[in-house]
Amino acid sequence: MIEVVATALVIGTVAVHFAFIGYLVIGGFLALRWRRTLALHILVVAWGIGSTVCALPCPLTSVERWARAHAGMAPLPPDGFIAHYLTGVLYPENAVGVVRALVVGVVLLSWLLVHRHEFRATRTSV
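Small disclaimer: the values here were computed from a predicted structure and weren't measured. (Residues numbered from 1 in each chain as written. Predicted model: local features only at pLDDT ≥ 70, side-chain atom pairs only at ≥ 80, totals over all residues. Heavy atoms only, no water.)

**Description of the overall build of the protein**
Okay, so step 1: A tally of regular secondary structure across the protein gives five helices and zero strands.
Okay, so step 2: Along the protein, helices (α) and strands (β) appear in the sequence α-α-α-α-α when read from the amino end.
Okay, so step 3: Over its C-alpha atoms the protein spans a radius of gyration of 18 Å, topping by over 25% the 14 Å that the globule rule assigns to 126 residues.
Okay, so step 4: Viewed in the frame of its principal axes, the protein has a C-alpha envelope of about 60 × 35 × 25 Å.
Okay, so step 5: By residue count, 25% of the 126 residues in the protein fall in the buried class.
Okay, so step 6: Taking contacts inside the protein between residues at least 6 apart in sequence as the whole, the part at least 24 apart equals 60%.
Okay, so step 7: Carbon and sulfur atoms form 72% of the exposed surface of the protein, whose accessible area is close to 8,400 Å².
Okay, so step 8: Computed over 9 positive and 5 negative side-chain charges, the separation of the two mean positions in the protein equals 21 Å. (Helix = DSSP H or I, 4+ residues; strand = E, 2+ residues; numbered from the N terminus. Rg over C-alpha atoms; globule rule 2.2 N^0.38 Å. Buried < 20%, exposed > 50% of the residue type's maximum accessible area, 1.4 Å probe, protein only. Contact = heavy atoms within 4.5 Å. Areas by Shrake-Rupley, 256 points an atom, 1.4 Å probe, with all protein chains shown as cover. Lys, Arg positive; Asp, Glu negative; His and termini not counted. Charge placed at Lys NZ, Arg CZ, Asp CG, Glu CD.)

**Describing unusual backbone geometry**
Among all residues save glycine, negative phi is the norm, and among peptide bonds the norm is trans.
Okay, so step 1: At Ala55, a position not held by glycine, the phi torsion is positive, near 55 degrees.
Okay, so step 2: Looking at where Ala55 falls in the secondary structure, it is placed in the loop between helix H2 (38–53) and helix H3 (59–71).

**Looking at a nonpolar patch on the surface**
Okay, so step 1: There is a patch of nonpolar side chains on the surface, built from Ile2, Leu9, Val63 and Trp66 and spanning about 330 Å² of accessible area.
Okay, so step 2: Listing elements by their share of the nonpolar patch, those giving two or more residues are helix H1 (2–33) and H3.
Okay, so step 3: Take Leu9: it is sitting in helix H1.
Okay, so step 4: We classify Leu9 as partly exposed; its relative accessible area is 34%. (Patch = residues over 30% accessible without salt bridge, like charges linked within 9 Å, V, L, I, M, F, W, Y side chains within 5 Å. Salt bridge = Lys/Arg side-chain N within 4 Å of Asp/Glu carboxyl O.)

**Points about the packing of H1 against H2**
Okay, so step 1: Contact pair H1 / H2: the axes reach a minimum separation of 9 Å and the direction vectors enclose 145 degrees. Pair H1 / H2 crosses with left-handed handedness. The residues of H2 that touch H1, namely those facing Phe20, Tyr23, Leu24, Gly27, Gly28 and Ala31, are Leu38, Leu40, His41, Val44, Val45, Trp47 and Gly48.
Okay, so step 2: Residue classes in the contact of H1 with H2 are distributed as nine nonpolar, four polar and no charged. (Axes fitted to C-alpha atoms, helices over the stretch in contact; angles between N-to-C directions. Left-handed = near helix turned anticlockwise from the far one by under 90°. Nonpolar A, V, L, I, M, F, W, Y, C, P; charged D, E, K, R; others polar.)

**A word on the packing of aromatic side chains**
Okay, so step 1: Following the criterion strictly, the structure yields three aromatic pairs and no others.
Okay, so step 2: Their ring planes at 75 degrees and their centres at 5.2 Å tell us that Phe18 and Phe81 sit as a pair that is edge-to-face. Of this pair, Phe18 sits in helix H1 while Phe81 sits in helix H4 (residues 81–86), and the two are 63 residues apart along the sequence.
Okay, so step 3: For Phe18, a relative accessible area of 37% translates into the label partly exposed.
Okay, so step 4: Overall, the relative accessible area of 3% leaves Phe81 in the buried class.
Okay, so step 5: A ring pair is formed by Phe18 and Tyr85, whose centres lie 6.3 Å apart and whose planes are at 70 degrees; its orientation type is edge-to-face. Of the two residues, Phe18 sits in helix H1 while Tyr85 sits in helix H4, which places them 67 residues apart along the sequence.
Okay, so step 6: Assessed through its relative accessible area of 17%, Tyr85 is described here as buried.
Okay, so step 7: Through a chain of ring-to-ring contacts, three or more aromatic side chains come together here, namely Phe18, Phe81 and Tyr85. (Phe/Tyr/Trp six-rings, centres within 6.5 Å; stacked < 30°, edge-to-face > 60°.)

As structure tokens, then:
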């Protein structure tokens, strides 16, 4: 029974990781439609920066490591989620810098559009 629960937990943590990364990339664009989501996106970006630049440990990775051990699965490599599921899978290992730059560019573009949208909204309502 523990193996089934642990396997489900592995699947869940992988899904949440992908959702987090997806929201990191497109969350600013969602804020164009739902302004209240911008604060959450700022927090997600801050966590992404902290985990990349400051090597903050990801709590999901710890959960996945525990769940894999209890599900009888191969352990997650020491480099963690991104190195295991994304780097070398979705993009080549030598493209990490380019991918990070693209993510930063997309986030900044989305925030610029949100700012422009808000600026225009306040100008037209005055």
